[in-house]
Amino acid sequence: MGAATWVLVLNSGSSSLKYQLIDMAGADADGGAERLASGIVERIGEPGGVADHGEALRRAAGELKEQGLGLDSPRLAAVGHRVVHGGTRFTEPTLITDDVLAGIEDLVPLAPLHNPANITGIKVARELRPDLPQVAVFDTAFHATLPEAAARYAIDTATADRYGIRRYGFHGTSHAYVSRATAKLLGRDPADVNVIVLHLGNGASASAVRGGVCVDTSMGLTPLEGLVMGTRSGDLDPAVVFHLERVAGMSTDDIDRLLNKRSGLLGLCGDNDMREIGRRMAEGDKAAQLAFDVYVHRLRRYVGAFSAVLGRVDAITFTAGVGENSAAVRGAALAGLHNLGVTMDPVRNAVRGHAPRLVSADDSRVAVAVVPTDEELEIARDTYALAAAPQDG
Ligand SMILES: Nc1ncnc2c1ncn2[C@@H]1O[C@H](COP(=O)(O)OP(=O)(O)O)[C@@H](O)[C@H]1O
Ligand SMILES: CC(=O)OP(=O)(O)O
Ligand SMILES: [Mg+2]
């Protein structure tokens, strides 16, 4: 029988559970981890779907068992959980104790769509394998290095400090993984490379990474700020909220739902999937075109802003569902930015692929890259390093 080198990674979203079982036996900084199984349980809490994240995890466990990879296996070393909000308390991967779990529960008001699902995943995994180390890997952790000038909102300091109001940033495992992978693609040491990472999935965020250290990011107190997303508005004048309260008579919860669930691409054109928007644009659909234009305009603003924040930019990297797959978004976001040293290669940009690749012209001062993200592998590495790797000495 082999040693316990498997890590189960759970990535609970607001209505889905993604899981992967990864064997870390041969893993090093450059790869070697082996994906044994992966799956997704979708439509959690929706008609026709499973009831909650607890049931989703039991279903995932059943699917693994059918493949001969049951969670009762002695090869399983630890469970790694994506936890979206770590607040100021959790800035490193953390072994989950009762006290840590209580700390994650305290952060629910800052991430009401995300942290409750993560907490259910932790509780059910502990029930299934109480003997195993469980590790929380926080979306916010990579952004803990933000300088105060970038992390502070310009509001009354006492109020901000009392209520923990500051920029936390999210998608940190993705920004960390992709910025390192970009340096590797360029054949350079991450410590010497400045990268703007554009993580464009359902949730979307940009970050500015200087020498491997995050110095700015577009998401804020919650994952609502910044870029236009599938269903979230991203940046807007905070007075929009007061206006909707006073003039439209909407409640705080109504506005929360509006901005998180009925805005972004969906709010602008009725579709939140960039593939469908592309099809509609090809048919001359004006609403779809406007949604695309607003999305891209916001992206360009952040590219410009983070170019100024970094001073010297070595690479701009696209990742996640839209970033990895939409040549149209990449092309439009970076068109005509020669003054910033960016020249795309339209042919390279149009080629589909699954490997990290360059899509800029050879004479572009700033490299433009597409790098598939792998949040699960990053979480598995953090989990294994903390809980399961053979200790020296
Ligand atoms: N071929 C494609 N072309 C354009 N957009 C795509 C394509 N495939 C996926 N997407 C976009 O990626 C989004 C999902 O991204 P993903 O990173 O998987 O999201 P998340 O992990 O946040 O759920 C979809 O909503 C869709 O807009
Ligand atoms: C933090 C966040 O926005 O996550 P997701 O993209 O999974 O919704
Ligand atoms: Mg994602």
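Since this is a predicted model, take the numbers as computed values, not measurements.

**A few points about the site of ligand 1**
- Around ligand 1, a shell composed of 14 residues is seen, among which Lys18, Asn202, Met274, Gly321 and Asn325 lie nearest.
- Against a free-state accessible area of 580 Å², the protein chains account for coverage of 73% of ligand 1.
- Mapped onto the shell around ligand 1, the elements with two or more residues apiece are helix H10 (274-282) and helix H12 (320-325).
- Here the shell around ligand 1 gets four residues from one element, more than from any other, and that element is H12.

**Some points on the packing of aromatic side chains**
- Throughout the structure, instances matching the rule amount to two aromatic pairs.
- Ring centres of Phe90 and Phe138 lie 4.9 Å apart, and the angle between their planes is 5°; this geometry places the pair in the stacked category. Here Phe90, found in the loop between strand S4 (76-83) and strand S5 (94-95), pairs with Phe138, found in strand S6 (residues 134-138); they are 48 residues apart in sequence, far enough to count as distant.
- Phe138 gets classed as buried once you look at its relative accessible area, which sits at 2%.

**Section: the sheet that holds strand S10 (residues 315-319)**
- Ordered by their spatial adjacency, six strands build an open sheet running S9-S8-S7-S10-S12-S11, and the pairing between neighbours is mixed. Only two strands of the sheet have a single neighbouring strand rather than two, namely strand S9 (213-217) and strand S11 (357-358).
- Pairing geometry for S10 and strand S12 (residues 367-370), over four bridges, is parallel. The residue bridging Thr317 from the neighbouring strand is Ala369, located in S12.
- Strands in contact with helix H6 (residues 172-185) are strand S7 (194-200), strand S8 (204-210), S10, S11 and S12; relative to S7, the strand with the most contacts, it is inclined by about 130°.

**A look at the UniProt feature "binding site: substrate" (unreviewed entry) in the protein chain**
- Under the UniProt annotation, the feature "binding site: substrate" (unreviewed entry) is placed at Arg82.
- You can see Arg82 is positioned in strand S4.
- Owing to a relative accessible area of 10%, Arg82 belongs among the buried residues under this scheme.
- Contact partners of Arg82, with chain neighbours within four places excluded, come to Leu10, Asn11, Asn118, Val137, Asp139, His171, Glu375 and Ile379.

**Observations concerning unusual backbone geometry**
- A positive phi is found at Arg43, a non-glycine position, where the angle reads about 55°.
- Along the chain, Arg43 falls in the loop between strand S3 (34-41) and helix H1 (53-66).
- We classify Arg43 as partly exposed; its relative accessible area is 45%.
- With a phi angle near 55°, His171 is a residue other than glycine that sits in the positive phi range.

**Thoughts on the pattern of salt bridges**
- Evaluated as defined, the whole model comprises 24 salt bridges.
- One salt bridge connects Arg75 with Asp23, and the closest N-O pair in it is separated by 3.8 Å. Here the residue Arg75 occupies a position in the loop between H1 and S4, and Asp23 occupies one in strand S2 (residues 17-23), the gap between them amounting to 52 residues.
- What makes Arg75 partly exposed here is its relative accessible area of 21%.
- Between Asp271 and Arg280 there is a salt bridge, with the nearest N and O atoms lying 2.8 Å from each other.
- Residue classification places Arg280 among the buried positions, given a relative accessible area of 14%.
- Within this structure, Glu148, Arg152, Asp161 and Arg166 form a network of salt bridges that share partners.

**Observations regarding the site of ligand 2**
- Around ligand 2 sit Arg82, Val84, His114, Asp139, Phe170, His171, Gly203, Met219, Pro223 and Arg232, and that is every residue in its neighbourhood.
- Contact distances for ligand 2 include 3.1 Å between an oxygen atom and a side-chain N or O atom of His114.
- Contacts to ligand 2 include His171, whose side-chain N or O atom sits 2.8 Å from an oxygen atom.
- Partitioned by chemical class, the residues of the shell around ligand 2 number four nonpolar, three polar and three charged.
- In this structure, the shell around ligand 2 is formed jointly by two domains, domain 1 (6-138) and domain 2 (187-375), each of which donates at least three residues.

The rules behind each value
- Residues numbered from 1 in each chain as written.
- Chains lettered and ligands numbered in written order.
- Predicted model: local features only at pLDDT ≥ 70, side-chain atom pairs only at ≥ 80, totals over all residues.
- Heavy atoms only, no water.
- Near = heavy atom within 4 Å.
- Areas by Shrake-Rupley, 256 points an atom, 1.4 Å probe, with all protein chains shown as cover.
- Helix = DSSP H or I, 4+ residues; strand = E, 2+ residues; numbered from the N terminus.
- Phe/Tyr/Trp six-rings, centres within 6.5 Å; stacked < 30°, edge-to-face > 60°.
- Buried < 20%, exposed > 50% of the residue type's maximum accessible area, 1.4 Å probe, protein only.
- Pairing = 2+ DSSP bridges.
- Contact = heavy atoms within 4.5 Å.
- Axes fitted to C-alpha atoms, helices over the stretch in contact; angles between N-to-C directions.
- UniProt positions renumbered as here; feature names shortened; annotations may be inferred.
- Salt bridge = Lys/Arg side-chain N within 4 Å of Asp/Glu carboxyl O.
- Polar contact = N/O pair within 3.5 Å; in protein donor to acceptor, adjacent residues only side chain to side chain.
- Nonpolar A, V, L, I, M, F, W, Y, C, P; charged D, E, K, R; others polar.
- Domains from an automatic or database assignment.

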